[in-house]
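# Notes for the structure review
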Amino acid sequence: MTEKHIVLDEIDPVVFYGVNNGHLQIIKSLYPKLRIVARGNVIRVLGDQDEMNRFEDNIEKMRRHVLQYNTITEEDILDIQNGHRTKAEAIKGVVCYSLSGRPIKSRSENQQLLIDTYEKNDMVFAVGPAGTGKTYLSIALAVRALKEKNAKKIILSRPAVEAGEKLGFLPGDMKDKIDPYLQPLYDALEDMIPAVKLQDMMDKHIIQIAPLAFMRGRTLSDAVVILDEAQNTTPAQIRMFLTRMGWNTKMIITGDMTQIDLPKSQNSGLREALNILRDIEGIGVVELTKKDIVRHKLVTKIVNAYEAYDKTTNKSNNNDESTDKD
């Protein structure tokens, strides 16, 4: 008789064992020569050595499946035992999976271009209107890099620029005031990484979320670094951020030039950076459009309506200026 303890590192045991331990019961039925007891993230196994070797190998495959896809089904368990590919493994072009098991992949030509450009370049600018998946897809690429151990950490940043409200009116200390600006980044991460694991990774600084001002003086190495809402950076801020880049690091800079919240007298750092850096080898630029919007269908209509309004307003203002000169 042989006894072993197998630790289910980096995954949620509840997902692995299934609802009411349904997955665990199936696993037990597949290995009648073994006595299997699970407590927390540790599985205690007692029994035949050959059977245990096969069990240990397949349990590791199942663990990796949950780690990569955030889910596992009874069908997946049987496929793994029989040496077959699971349905998730058969899907091509997936960046990573949400906690519900939904494949996160490109949903438009330009989104796929963003993925391809990221793979070919160390720095990528992704520019486009709201709802085109710039931030979400960028974070998915970072999560994939972390899971595949191509990066040791993820660093996410945003400029804390008000969109109408004033920072000082928000209650609490500085962290409480800044967190609302970073919430879209938390939302995306929470869709891809279990809450307990995400908190642990943040506590260990494997995943870092911080305002842009906190980047000064740092060298960011062995990481995927994302600057979101870069249209709200000043030229000095974005220059500071881009020069933080260290060894084995990839940077993704996202922004929407139609949503600049800077004072009218202040130039957007993103616009300046695109003009200066666009043709440098190793830097890719992807411009997403209304066709790439993947939110509710009304978002496209809203974007179109505002574009039409802006054109009408600009034309009216130009006519007024011509009249004033006359």
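See the structure printed just above.
The paragraphs below set out a description of the structure included in this document. (Residues numbered from 1 in each chain as written. Predicted model: local features only at pLDDT ≥ 70, side-chain atom pairs only at ≥ 80, totals over all residues. Heavy atoms only, no water.)

### Thoughts on the overall build of the protein chain
Assigned secondary structure in the protein chain consists of 12 helices and 11 strands. Referenced to the eigenvectors of the C-alpha coordinate spread, the extents of the protein chain come out at roughly 100 × 45 × 40 Å. Each of the 326 residues in the protein chain was classed as buried or not, and the buried ones make up 45%. Residue pairs in contact within the protein chain that sit at least 24 positions apart in sequence constitute 69% of those at least 6 positions apart. In the form shown here, the protein chain has an accessible surface area of approximately 18300 Å², with 51% of it arising from carbon and sulfur atoms. Charged side chains in the protein chain number 45 positive and 46 negative. The centres of these two groups are separated by 2 Å. (Helix = DSSP H or I, 4+ residues; strand = E, 2+ residues; numbered from the N terminus. Buried < 20%, exposed > 50% of the residue type's maximum accessible area, 1.4 Å probe, protein only. Contact = heavy atoms within 4.5 Å. Areas by Shrake-Rupley, 256 points an atom, 1.4 Å probe, with all protein chains shown as cover. Lys, Arg positive; Asp, Glu negative; His and termini not counted. Charge placed at Lys NZ, Arg CZ, Asp CG, Glu CD.)

### A look at helix 11 (residues 269-277)
Among the residues making up helix 11, those that are buried are Gly-269, Leu-270, Ala-273, Leu-274 and Leu-277. The buried side chains of helix 11 occupy one side of the element, clustering within an arc of 135° when seen end-on. When the buried face of helix 11 is taken as reference, the exposed residues oriented beyond 90 degrees from it are Asn-275 and Ile-276. If you follow the buried residues of helix 11, they end up packed against strand 6 (123-127), helix 10 (235-242), strand 10 (250-255) and strand 11 (283-287). Where helix 11 begins, the capping side chain belongs to Ser-268, and its oxygen is found 3.3 Å from the backbone nitrogen of Leu-270. (Arc of directions from axis to C-beta. Polar contact = N/O pair within 3.5 Å; in protein donor to acceptor, adjacent residues only side chain to side chain.)

### Focus: the sheet that holds strand 1 (residues 2-7)
The strand order across the open sheet built from three strands is 1-3-2, with neighbouring strands paired in antiparallel fashion. Since the sheet does not close on itself, it has two edges, and those belong to strand 1 and strand 2 (34-39), each with one partner. Each neighbouring strand pair of the sheet contributes to a mean axis angle of 15°, computed without reference to strand direction. Direction of pairing for strand 1 relative to strand 3 (residues 42-47): antiparallel, over a ladder of six bridges. Bridged to Lys-4 within strand 3 is Val-45. Packing of helix 3 (residues 49-69) onto the sheet brings it into contact with strand 1, strand 2 and strand 3, and relative to strand 1 it is tilted by some 5°. (Pairing = 2+ DSSP bridges. Axes fitted to C-alpha atoms, helices over the stretch in contact; angles between N-to-C directions.)

### A short note on the pattern of salt bridges
Working definition: two side chains of opposite charge can pair if their charged atoms are close together. Throughout the structure, instances matching the rule amount to 13 salt bridges. Note that Asp-191 and Arg-102 form a salt bridge whose closest N and O atoms lie 3.1 Å from each other. With Asp-191 in helix 8 (residues 174-192) and Arg-102 in the loop between strand 4 (94-97) and strand 5 (103-105), the pair connects residues that are 89 residues apart, well separated along the chain. The shortest N-O distance in the salt bridge between Arg-158 and Glu-229 comes to 3.1 Å. You can see Arg-158 sitting in strand 7 (residues 153-158) and its partner Glu-229 sitting in the loop between strand 9 (223-227) and helix 10, a full 71 residues away along the chain. Relative accessible area serves as the criterion here: at 11%, Arg-158 is assigned to the buried category. On the basis of relative accessibility, which here comes to 21%, the residue Glu-229 falls in the partly exposed class. (Salt bridge = Lys/Arg side-chain N within 4 Å of Asp/Glu carboxyl O.)

### A closer look at the sheet that holds strand 8 (residues 207-211)
Sheet strands line up and pair through hydrogen bonds in the backbone, either parallel or antiparallel. With respect to topology, six strands assemble into an open sheet ordered 8-7-9-10-6-11, the strand pairing being parallel. A single partner strand is all that each edge strand has here, and the edge strands are strand 8 and strand 11. If you compare each strand with its neighbour and ignore which way they point, the axes differ by 15° on average. Note that strand 6 and strand 10 share five bridges and pair parallel. The residue of strand 10 that forms the bridge with Val-127 is Gly-255. Contacts from helix 6 (residues 109-120) reach strand 6, strand 9, strand 10 and strand 11 within the one sheet, and its direction differs from that of strand 11 by about 175°. In this fold helix 10 packs onto strand 6, strand 7, strand 9 and strand 10, with an angle of close to 155° to the strand it touches most, strand 10.

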